[in-house]
Amino acid sequence: MQRNGGGGVAGGQPWVLRRIRLTWLSFMLFFILVFFPLIAHYYLTTIDEAVGPDKRLFGPRPGGELCEAKHVQDLCRIRESVSEELLQLEAKRQELNGEIARLNLRIEACKRSIDSAKQDLLQLKNVISQTEHSYKELMAQNQPKLSLPVRLLPDKDDPPLPPPKSPRACRLRSCFDYARCPLTSGFPVYVYDAGAYAWAERIDPLVRQAFEAAVKTNIYVTADPSVACLYLVLVGELQENASPPPPPAELEKQLKALPYWRADGRNHLLLHLSRQSVTQNFLYNVSTERAAVAQATFLERQYREGFDLVVSPLVHALSEPNFLEIPPQVPVKRKYLFTFQGERLESLRSSLQEAPPQSFEEEIERDPPADYDDRIIGTLKAVADSHLDQVLVEFTCKAPRPSLPTEWALCGERDERLGVLKASTFALVIAPGDGQLVASAGCGMRLFEALEAGAIPVVLGDHAKLPYHQHVRWSEAAIVVPKPRITELHFLLRSLSDSDLLNMRRQGRFLWEAYFSTAENVLSTVLASVRTSIQVPAAPIREERAQEIPHKAGKLAGTDANLADNGDLDLGPVETEPPYASPRFLRNFTYTASDVYRAWNRAPGPFHLFPHTPLDPVLPSEAKFLGSGTGFRPIGGGTGGSGKEFQAALGGNVPREQFTVVMLTYEREEVLMNSLERLNGLPYLNKVVVVWNSPKPPSDDLLWPDIGLPIVVVHTEKNSLNNRFLPWDAVETEAILSIDDDAHLRHDEIMFGFRVWREARDRIVGFPGRFHAWDLNHQSWLYNSNYSCELSMVLTGAAFFHKYYAYLYSYVMPVAIRDMVDEYINCEDIAMNFLVSHITRKPPIKVTSRWTFRCPGCPQALSHDDSHFHERHKCINFFVKVYGYMPLLYTQFRVDSVLFKTRLPHDKTKCFKFI
């Protein structure tokens, strides 16, 4: 144990020594680190004080002696510059802080002003809204908006009428019940079933079938007899081999047995349609009481002026006219100056015992005819023998057609007669020798064939009553000469100028096509004559009902860079009000027939709306055309002003108007969307009607652009270029901008075209011009698209036109033209130019120098096909055959605005006069 304890003591001595050594080393290290720097510092400062203040080695030296060193001078300058900039930045910081504080105060003040202005604006809007409401109420009170009147139908109980003095003395005022035909009734017509009365089995089946087919398509026919204004009864024509008609007493009994005869036959019309040159006038000596008679043959004692109606014969019962067989209207003068083929037959009965009542034949044989027919024969033979002009007169026939006594019989077959008339400038129509026979089916047949062949009728006998003479101005289509002037006839015919002849031939062509050519036209003309006589407005023409295709809208329309440059033309004030339609009803019933004649006293044409006659059997009615905003409205003049005022205003004679874009497309969605986007922000645009011509509907995921206006997508029944010109009911403006889906027009160009159209509302106004030319080698017309200084057409791929022409194109223009457009899928623009030039006898108007309107980079259209131009050549020549002449007119006139070239100063107030 001692060893262990002693060992522990002995072993602990080295450990204590090591601890002492560490403590000593720590103390020495502390002394070196602390006291040695202090001693060194003291020593150095003592040296500086010993050598004096001017020779210090380590302390700061006065006067910047340290900067005298070259390597330190730059650092000193940088320090001084940085110090100066820091001082400036600090000053600026303080200044900006003060500005921020002031702006914060202004912001707070502006916020308070904005809140106050919002309150004031809200109050002003309320005041404006109240003012507009009050203004509309005042306008409604003082100037009520015209609209279609309420349809009034007749009462079931007919008021009693005083009996006329005599059935032969019947006139509309004494025998027609006006109470059954209110002005707003719509002229309902009830047609008796032809099989419901006794003599129906004797009616010619062809006439009956044609009549029934025409009745089905007539817009006035009603199945409700209790509301009918007119009751129509088909009484003939009777079959040739049928049993003779019943005696007058029996026929009167059968007429009175009609369900709605009402004891006196008021408001009944007995219609007798003739297909032969001689017809049975079995209503002669039959008391029809208050029922009117419409037929082709009348004796003077039988005819009641202003009450009965002379109608045209029914030649084309169930057939349509073949336009390719109709001769052209030019050249004006043909091979023969005039022609006449006929034979005056002796009386059918040499002697008849008069026994009351006399038959029709007995009546007209009582008085011998005057000797004027003999004088006519001698004069015409003398003209033919003189050889001054080539004429054809024949007074004997190989096979004369049956005719009435004292009437000139027709010669030969119909095709033979038409062959002669096609080579005749004038066609003589000699009235019956008996003056009592005021109208005859034979004369009506001659008149019909002359108009059909384009020969100007010359009626010898001013006592003759021509078809619908109460309403048709025959003096503009035919020459009526009294028989005593037969010796001056040759001089009269030679004195007419070519322009007069062409105008008469055009008017005759119109009368034949519109009123005589088909059974539908004959029936419509008969009803239109009655309706016009009792002053009931015509029914509005129908519009094409637009079947809209649902589509998604919401894609924001972008801004096309090409639209930003609008030239020097100010687009005018941007409209903030919603789209508005053209006024639909400017008048009610104040637009009379005389107004219509004065308004449309232009060169007539086959499809002229009112070519010198108020009848409208197949045409848009005056109630729709001139009463519903589809007419050319003569509204007061402008207010003048300088160029600046014109630049900032729409101009024109209609103070407030918009237009509708009709865009035809076919499975080119991307091109269509781009075109729609380009319409964004276009002033005076009412809406866009997209005619979707493809049977395949638009893609479900297609997003249509939001241009701030309605986009109506219309579904069509078939793929047809004619759909471009359908009068869609979605079009509520008079102005239509027809545009292709790949057309690329700037807003200023569209606006300028709209301004020009407003001053020429009856013309086509557009951008790309084309012209037609005559090919001497092939003796045919050619379509030409080369750039030239003369044009005759404006393509409707970018053109303005009146909605009125959409009605004419779709419902009045011959179907053969629309069929050819469908066959070639081409030429619809040429057809529209033909139609408008034919009606107005004016060329279109081209605006700006633009010759094409296709967008760059768009897929190629049908017009790039090589066959495109060949088809257009064929179209032009076919259209010329249908119209009978070339209606297109050349023009070297182009409209450009000086505002495209000249920027007017904003302070300019004087008017400019351009010479």
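Calculation criteria
Residues numbered from 1 in each chain as written. Predicted model: local features only at pLDDT ≥ 70, side-chain atom pairs only at ≥ 80, totals over all residues. Heavy atoms only, no water. Helix = DSSP H or I, 4+ residues; strand = E, 2+ residues; numbered from the N terminus. Buried < 20%, exposed > 50% of the residue type's maximum accessible area, 1.4 Å probe, protein only. Contact = heavy atoms within 4.5 Å. Areas by Shrake-Rupley, 256 points an atom, 1.4 Å probe, with all protein chains shown as cover. Salt bridge = Lys/Arg side-chain N within 4 Å of Asp/Glu carboxyl O. Disulfide = S-S within 2.5 Å. Axes fitted to C-alpha atoms, helices over the stretch in contact; angles between N-to-C directions. Parallel < 35°, antiparallel > 145°, perpendicular 65-115°, else oblique. Nonpolar A, V, L, I, M, F, W, Y, C, P; charged D, E, K, R; others polar. Polar contact = N/O pair within 3.5 Å; in protein donor to acceptor, adjacent residues only side chain to side chain. Pairing = 2+ DSSP bridges. Expected span 1.5 Å × (residues − 1). Core = buried A, V, L, I, M, F, W, Y, C linked by side-chain atoms within 4.5 Å. Patch = residues over 30% accessible without salt bridge, like charges linked within 9 Å, V, L, I, M, F, W, Y side chains within 5 Å. pLDDT = per-residue confidence, 0-100.

## Digging into the overall build of the chain
Piece 1. Of the regular secondary structure elements, the chain holds 22 helices and 28 strands.
Piece 2. Among the 915 residues that make up the chain, the fraction classed as buried is 49%.
Piece 3. Within the chain, contacts between residues separated by at least 24 positions form 80% of all contacts whose residues are at least 6 apart in sequence.
Piece 4. A total of about 46,600 Å² of accessible surface is found on the chain, and carbon and sulfur atoms cover 55% of it.

## A word on the pattern of salt bridges
Piece 1. Tallied over the full model, the rule gives 36 salt bridges.
Piece 2. For Asp 389, the salt bridge is made with Arg 494, and the minimal N-O distance between the two is 3.3 Å. Remark: Arg 494 occurs in helix α10 (residues 489–494) and Asp 389 occurs in the loop between α7 (372–386) and β9 (392–394); sequence separation between them is 105 residues.
Piece 3. We classify Arg 494 as partly exposed; its relative accessible area is 48%.
Piece 4. Residue Arg 417 pairs with Glu 449 through a salt bridge whose shortest N-O separation is 2.7 Å. A residue pair is termed long-range when its members are at least 10 positions apart, and Arg 417 in helix α8 (residues 414–421) and Glu 449 in helix α9 (residues 441–453) qualify at 32 residues. Assigned by exposure class, Arg 417 and Glu 449 land together as buried.
Piece 5. Where salt bridges share partners, they join Asp 177, Asp 264, Arg 266 and Arg 290 into one cluster.

## Considerations on the state of the cysteines
Piece 1. All told, the structure shown has 4 disulfides when counted by the stated rule.
Piece 2. Between Cys 181 and Cys 229 runs a disulfide, and the two sulfur atoms are separated by 1.6 Å. Across the disulfide from Cys 181 to Cys 229, rotation about the S-S bond amounts to roughly 95°, and the bridge is consequently right-handed. One end of the pair, Cys 181, is in the loop between α3 (172–175) and β1 (189–191); the other, Cys 229, is in the loop between α4 (205–217) and β2 (230–236), and 48 residues separate them in sequence. No difference in accessibility class separates Cys 181 from Cys 229, as the two residues are buried.
Piece 3. The residue that forms a disulfide with Cys 397 is Cys 411, at a sulfur-sulfur distance of 1.5 Å. Within this pair, whereas Cys 397 is found in the loop between β9 and β10 (408–409), its partner Cys 411 is found in the loop between β10 and α8, the two being separated by 14 residues in sequence.
Piece 4. Classification of Cys 411 by relative accessible area gives buried; the value is 9%.

## Side note on the packing of helix α11 (residues 498–516) against helix α12 (residues 519–533)
Piece 1. Between α11 and α12, the shortest axis-to-axis distance is 6 Å and the interhelical angle comes to 90°. Our classification of the angle between α11 and α12 gives roughly perpendicular. The segment α11 lies against α12, with Glu 513, Ala 514, Tyr 515 and Phe 516 engaging Asn 521, Val 522 and Thr 525.
Piece 2. Of the residues in the contact of α11 with α12, the class split is 4 nonpolar, 2 polar and 1 charged.

## Notes on the environment of Arg 180
Piece 1. Inspection of the secondary structure assignment puts Arg 180 in the loop between α3 and β1.
Piece 2. Judged by relative accessible area, Arg 180 falls into the buried class, the value being 2%.
Piece 3. Within the structure, the side chain of Arg 180 is placed 2.8 Å from the backbone oxygen of Ser 226, a separation counted as a polar contact.

## Quick word on the sheet that holds strand β15 (residues 547–548)
Piece 1. With mixed pairing, the 9 strands of this open sheet are ordered in space as β15-β20-β18-β17-β21-β26-β22-β27-β28. This sheet does not close on itself; its edge strands, each paired only once, are β15 and β28 (894–895).
Piece 2. As judged from the 5 bridges shared by strand β21 (residues 735–740) and strand β26 (residues 798–802), these two strands associate in the antiparallel manner. The residue bridging Ile 736 from the neighbouring strand is Phe 801, located in β26.
Piece 3. Where helix α18 (residues 747–758) meets the sheet, it contacts β17 (659–665), β21, β22 (765–766), β26, β27 (845–847) and β28, and its direction lies at approximately 30° from that of β26.

## What to know about α11
The α-helix winds at 3.6 residues per turn, so residues separated by three or four positions along the chain end up facing the same way.
Piece 1. For α11, with 19 residues, the first-to-last C-alpha span of 26 Å sits near the 27 Å given by 1.5 Å per residue.
Piece 2. Burial analysis of α11 places 15 of its 19 residues in the buried class, which makes it a mostly covered element.

## A look at the sheet that holds β2
Piece 1. Across the sheet, which stays open at both edges, the 5 strands sit in the order β1-β2-β3-β4-β6 with parallel pairing between neighbours. Where the open sheet ends on each side, the last strands, each with one partner, are β1 and β6 (309–310).
Piece 2. Pairing geometry for strand β4 (residues 292–295) and β6, over 2 bridges, is parallel. Looking at the pairing, Ala 294 lines up with Leu 309 of β6.
Piece 3. Sheet strands in contact with α4 are β1, β2 and β3 (268–272), and its direction is about 160° off that of β2.

## Here we look at the nonpolar core
Piece 1. If you look at the biggest cluster of nonpolar residues, it comprises 137 residues, and the most contacted ones within it are Phe 187, Tyr 197 and Phe 879.
Piece 2. Of all hydrophobic cores here, the second largest spans 39 residues; its members include Phe 659, Leu 685, Val 756 and Phe 800.

## Some thoughts on unusual backbone geometry
Piece 1. In the segment running from Gly 236 into Glu 237, the intervening peptide bond is cis, with an omega of 25°.
Piece 2. Following the sequence through the fold, Glu 237 ends up in the loop between β2 and α5 (248–256).
Piece 3. One non-glycine residue with positive phi stands out, namely Thr 406, at about 70°.
Piece 4. Mapping Thr 406 onto the fold places it in the loop between β9 and β10.

## Some thoughts on the side chain of Glu 449
Piece 1. Judged by its relative accessible area of 2%, Glu 449 is buried.
Piece 2. In this structure Glu 449 touches Arg 414, Arg 417, Leu 418 and Leu 421, once residues within four positions along its chain are discounted.

## Digging into the pairing of strand β24 (residues 780–784)
Both faces of the sheet carry side chains from a regular strand, because those side chains alternate between them.
Piece 1. When you tally the buried positions in β24, you get 4 out of 5 residues, the bulk of the element.
Piece 2. As paired strands, strand β23 (residues 769–775) and β24 are joined by 5 bridges and run antiparallel to one another. Bridge pairing links Asp 775 to Ser 780 in β24.

## Structural notes on a nonpolar patch on the surface
Piece 1. Judged by side-chain polarity, Leu 29, Phe 30, Phe 31, Ile 32, Leu 33, Val 34, Phe 35, Phe 36, Leu 38 and Ile 39 come together as a nonpolar surface patch covering roughly 1,000 Å² of accessible area.
Piece 2. Ile 32 gets classed as partly exposed once you look at its relative accessible area, which sits at 45%.

## Observations concerning the environment of Glu 520
Piece 1. With respect to the helices, strands and loops of the structure, Glu 520 is situated in helix α12.
Piece 2. Relative accessible area serves as the criterion here: at 27%, Glu 520 is assigned to the partly exposed category.
Piece 3. Sequence-wise, Glu 520 and Phe 211 are 309 residues apart; in three dimensions their C-alpha atoms are separated by 7.8 Å.
Piece 4. Not counting residues up to four positions away in its chain, the partners in contact with Glu 520 are Ala 213, Ala 214 and Thr 217.

## Here's the deal with the pairing of strand β20 (residues 711–715)
Piece 1. Most of β20 sits inside the fold, with 4 of its 5 residues counted as buried.
Piece 2. The pairing of β15 with β20 spans 2 bridges and is classified as antiparallel. Bridge pairing in β20 places Gln 547 opposite His 715.
Piece 3. As paired strands, strand β18 (residues 685–692) and β20 are joined by 5 bridges and run parallel to one another. Each residue of the ladder has a partner; that of Trp 692, found in β20, is His 715.

## Quick notes on the confidence of the model for the chain
Where the model shows low pLDDT, its predicted coordinates should not be examined in detail.
Piece 1. When pLDDT is averaged along the chain, the result is 80; 77% of the residues meet or exceed 70.
Piece 2. By mean pLDDT, the top-scoring element of the chain is strand β11 (residues 424–430) (97), and the lowest-scoring one is helix α15 (residues 622–625) (31).
Piece 3. Scored below 50 in pLDDT, residues 591–641 shows 158 contacts in the model against residues more than four places distant or in partner chains.
Piece 4. Here residues 907–915 scores under 50 on pLDDT; set against residues more than four positions off or in separate chains, the count is 10 contacts.

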